[in-house]
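Remarks on the overall topology
The primary structure of each chain is shown beneath.
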Amino acid sequence: SGDFDLFFDFNVPSSCREATRLDASTLGYMASTVGSNPQNVESCGYTGYHTAPGLWFAVEGTGEMLEVSTCGSLNDLDTQISVFSNGCDSLQCIGGTGQDYPCGDNGSVSWKSEMGEIYHIFVS
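The notes below deal with the structure included here.

**Remarks on the overall build of the protein**
Counting its regular elements, the protein contains zero helices and nine strands. Counting from the amino terminus, the protein carries its helices and strands in the arrangement β-β-β-β-β-β-β-β-β. Counting across all 124 residues of the protein, residues that qualify as buried make up 44%. For the protein, the accessible area works out to roughly 6400 Å², and carbon and sulfur atoms hold 47% of it.

**Considerations on the environment of I118**
Within the fold, I118 resides in strand β9 (residues 118-123). Classification of I118 by relative accessible area gives partly exposed; the value is 26%. Taking the C-alpha atoms as reference, I118 lies 6.5 Å from A58; in sequence the two are 60 residues apart. Here I118 is in contact with R21, A58, V59, E60, F84, S85 and N86, once residues within four sequence places are set aside.

**Brief notes about the pattern of salt bridges**
Considering all chains together, one arrives at two salt bridges under this definition. In this structure, the salt-bridge partner of R17 is D89, at a minimum N-O distance of 2.2 Å. You can see R17 sitting in the loop between β1 (7-11) and β2 (20-22) and its partner D89 sitting in the loop between β6 (81-85) and β7 (92-96), a full 72 residues away along the chain. Overall, D89 belongs to the exposed group, its relative accessible area being 65%.

The rules behind these values
- Residues numbered from 1 in each chain as written.
- Predicted model: local features only at pLDDT ≥ 70, side-chain atom pairs only at ≥ 80, totals over all residues.
- Heavy atoms only, no water.
- Helix = DSSP H or I, 4+ residues; strand = E, 2+ residues; numbered from the N terminus.
- Buried < 20%, exposed > 50% of the residue type's maximum accessible area, 1.4 Å probe, protein only.
- Areas by Shrake-Rupley, 256 points an atom, 1.4 Å probe, with all protein chains shown as cover.
- Contact = heavy atoms within 4.5 Å.
- Salt bridge = Lys/Arg side-chain N within 4 Å of Asp/Glu carboxyl O.

So, to be careful, I would describe these as geometric facts and stop short of saying anything about function.
Below you can see the structure in the form of structure tokens.
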């Protein structure tokens, strides 16, 4: 309850304000960064910026632990994940993964969510 995975398969245009909304009970979501443009998004939890094309997602907090991961996808892509709170105008870092660790210890981000808070997730 509250955990979800992001899987990659089809393309959706994406920006923070137009993030694809996910339900916290979502077990998987198919998406693809193919055809996406790089965005100037600061890496959350790591220095630097996301340099590969990426997609934005949003999820509403449940008051429980949430986890986002691309591990277990069909391709186990070398992805980078950043999770933010506080809205698109003033993103506040919750946590992130490095781009050289697609799975394992650095392959997912878990956090204690606040009920009703919208969290923005950038995956590149």
